[in-house]
Amino acid sequence: MRARERPSAAVNTLDLEPLPVPRSPDRPILIAGPCSAETEAQVLATARAIAPLGLAYFRAGIWKPRTRPNHFEGIGDEGLKWLTRARAEHGVRLITEVARPRHVEEVLAHNFDAVWIGARTAVSPFAVQEIADALAGVDIPVFVKNPINPDVGLWIGAIERLHAAGIRKLAAIHRGFSTADRSRFRNKPMWELAVQLRRHLPELPILNDPSHIAGSRDLVADVAQRALDMGLDGLMIETHPTPDEAWSDAAQQVTPARLAEIVAGLKIRVPSAHDAAFLDSLSDLRDEIDAVDANLLNALAQRMRIIEDVARLKRAENVTSLQIERWEEILRDRLERAVELGLDPEYVQDVYGAIHEAALRRLSDVMNRRS
Ligand code: PEP
Ligand code: MN
């Protein structure tokens with residue numbers, strides 16, 4: 001069961017300034033570079049190879065928050081020089097991850113062009129506040145990754161803390177979420193959470209990080225396209241001259257040549273179109289969807305009324321609300337039918353997870369009613 005924060009329905013407005021990067025409707029904002037700065041030669045070779053792709057920022061992690069110890073935890077302060085050299089030689093703007101006020105000080109001392117806050121830092125309001133305080137009065141853009149847990153409130157809270165510190169060039173990076181359920185992705189995208197963020201902060205640019213969602217390089221292009229299909233504003237893609245030898249996140253990094261191919265292959269969508277035949281057909285199809293949704297809601301309401309009858313029966317016999325064999329049977333059967341109907345079983349599992357959770361809640365409510 002997943003603990004999703006339900007933010008209030010209100011749309012907040014943040015007075016933001018545009019990101020100081022070249023923007024055009026037919027090009028997503030592109031941030032690329034290695035997961036970690038490893039050697040000066042690796043940083044310079046990557047920057048040289050990808051600078052011609054029109055990067056908004058060249059990325060490389062210097063201080064790496066790793067889930068477990070005894071993995072490469074970043075080259076540290078020494079990497080600052082390598083990155084500034086990459087900027088001097090290849091004209092790239094620089095971005096790196098900051099997790100501590102000390103990182104902010106170092107990055108500002110080296111005139112970095114932007115910073116990002118990582119997923120493991122975004123979970124901690126204390127850490128985010130310290131970073132926001134260290135950045136107060138500074139004019140560089142700050143990109144905020146989603147927290148590792150699926151909690152939009154925490155993500156918005158981090159952005160609000162930075163805004164309250166006077167930072168006006170803000171953007172979010174959707175990098176997927178750690179969840180208990182199995183998925184083909186390293187971090188489950190849960191696109192709906194990016195949609196929720198867009199609903200709450202409509203003026204905030206949202207980039208997508210297909211590398212950390214995918215976890216493997218062959219899925220990166222598809223995830224990137226999916227993000228652009230949804231109208232997200234840009235991409236952060238991990239790129240390494242010899243990905244298999246990378247000191248961190250080897251499986252998901254792509255070569256500069258592959259990055260060029262991915263970028264060239266991206267299809268850019270427009271927010272809407274004015275062609276009359278298109279608008280007519282779209283409106284007809286939307287009417288059909290509305291009718292299907294009315295049926296869906298009626299079916300859900302009917303299901304819930306039956307659950308209430310079950311609850312009364314169980315209450316009378318003092319039987320538990322959860323009977324695990326019945327639940328296993330429902331899941332097995334519904335997933336089989338889903339496959340027959342051409343539906344993605346992961347999707348149907350999510351839907352039934354929500355249906356079952358609501359049913360258990362209603363069972364308990366009715367079974368414990370005083371009357
Ligand atoms: C990274 O960008 O290399 C990184 C550590 O990302 P995240 O914070 O999304 O895990
Ligand atoms: Mn990484």
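Nothing here was measured: the structure is a model prediction, and the numbers come from that model.

### Quick notes on the sheet that holds strand S1 (residues 29-33)
Here comes step 1: Read around the closed barrel, 8 strands run S1-S2-S3-S4-S5-S6-S7-S8, paired in parallel fashion. For this sheet, the mean angle separating the axes of adjacent strands, direction not counted, is 25°.
Here comes step 2: Across 2 bridges, the pairing between strand S7 (residues 206-208) and strand S8 (residues 234-238) is parallel. Within the sheet, the bridge partner assigned to asparagine 208 lies in S8 and is leucine 235.
Here comes step 3: Strands in contact with helix H6 (residues 152-164) are strand S4 (114-117), strand S5 (142-145) and strand S6 (170-174); relative to S6, the strand with the most contacts, it is inclined by about 160°.

### Topic: the packing of helix H11 (residues 276-317) against helix H13 (residues 345-367)
Here comes step 1: At their nearest, the axes of H11 and H13 sit 9 Å apart, and the two run at 45° to each other. In this view, H11 runs oblique relative to H13, as classed from their interaxial angle. In this structure, H11 meets H13 at a crossing whose hand is right-handed. Together, Leu300, Arg303, Met304, Ile307, Glu308, Val310, Ala311, Arg312, Lys314 and Arg315 of H11 and Tyr352, Ile355, Ala358, Ala359, Arg362, Leu363, Val366 and Met367 of H13 make up the contact between the two elements.
Here comes step 2: Residues that form the contact of H11 with H13 fall into these classes: 12 nonpolar, no polar and 6 charged.

### Things to note about the nonpolar core
Here comes step 1: Among the nonpolar cores identified, the biggest contains 68 residues, and Phe58, Leu135, Val142, Ile159, Leu162 and Leu197 are the most heavily contacted of them.
Here comes step 2: The residues touching leucine 162, leaving out its near neighbours within four places in the chain, are Ile117, Ala132, Leu135, Val142, Val144, Ile167 and Leu170.
Here comes step 3: Formed by 14 residues, the second largest nonpolar core is a distinct cluster that contains Ile29, Ile31, Ala114 and Met236.

### Some details on the pairing of S6
Here comes step 1: Counting buried residues in S6 gives 5 out of 5 residues, a clear majority hidden from the surface.
Here comes step 2: With burial as the criterion, each face of S6 is covered, one bearing Leu170, Ala172 and His174 and the other bearing Ala171 and Ile173.
Here comes step 3: Taken together, S5, H6 and S6 constitute a β-α-β crossover, and its handedness is right-handed.
Here comes step 4: Inspection of the sheet shows S6 paired to S7 by 3 bridges, in the parallel sense. The residue bridging histidine 174 from the neighbouring strand is asparagine 208, located in S7.
Here comes step 5: In the classification by handedness, the crossover that spans S6, the intervening helix H7 (residues 191-200) and the parallel S7 is right-handed.

### Examining the site of ligand 1
Here comes step 1: In the region of ligand 1, the neighbouring residues are Cys35, Arg59, Lys64, Glu97, Trp116, Gly118, Ala119, Arg120, Lys145, Arg175, His212 and Glu238.
Here comes step 2: A distance of 2.8 Å separates an oxygen atom of ligand 1 from a polar side-chain atom of lysine 64.
Here comes step 3: Here an oxygen atom of ligand 1 sits 2.8 Å away from a polar atom, N or O, in the side chain of arginine 120.
Here comes step 4: Its free accessible area being 290 Å², ligand 1 has 97% of it covered by the protein chains.
Here comes step 5: Tallied by class, the residues present in the shell around ligand 1 amount to 3 nonpolar, 2 polar and 7 charged.

### Here's the deal with a nonpolar patch on the surface
Here comes step 1: Together, Leu341, Leu343, Tyr347 and Val351 make up an exposed nonpolar region whose accessible area comes to about 390 Å².
Here comes step 2: Tracing the backbone through its elements, the reader meets tyrosine 347 in helix H13.

Scoring rules and cut-offs
Residues numbered from 1 in each chain as written. Chains lettered and ligands numbered in written order. Predicted model: local features only at pLDDT ≥ 70, side-chain atom pairs only at ≥ 80, totals over all residues. Heavy atoms only, no water. Pairing = 2+ DSSP bridges. Helix = DSSP H or I, 4+ residues; strand = E, 2+ residues; numbered from the N terminus. Axes fitted to C-alpha atoms, helices over the stretch in contact; angles between N-to-C directions. Contact = heavy atoms within 4.5 Å. Parallel < 35°, antiparallel > 145°, perpendicular 65-115°, else oblique. Left-handed = near helix turned anticlockwise from the far one by under 90°. Nonpolar A, V, L, I, M, F, W, Y, C, P; charged D, E, K, R; others polar. Core = buried A, V, L, I, M, F, W, Y, C linked by side-chain atoms within 4.5 Å. Buried < 20%, exposed > 50% of the residue type's maximum accessible area, 1.4 Å probe, protein only. Right-handed = clockwise from strand over helix to strand, strands pointing away. Near = heavy atom within 4 Å. Polar contact = N/O pair within 3.5 Å; in protein donor to acceptor, adjacent residues only side chain to side chain. Areas by Shrake-Rupley, 256 points an atom, 1.4 Å probe, with all protein chains shown as cover. Patch = residues over 30% accessible without salt bridge, like charges linked within 9 Å, V, L, I, M, F, W, Y side chains within 5 Å. Salt bridge = Lys/Arg side-chain N within 4 Å of Asp/Glu carboxyl O.

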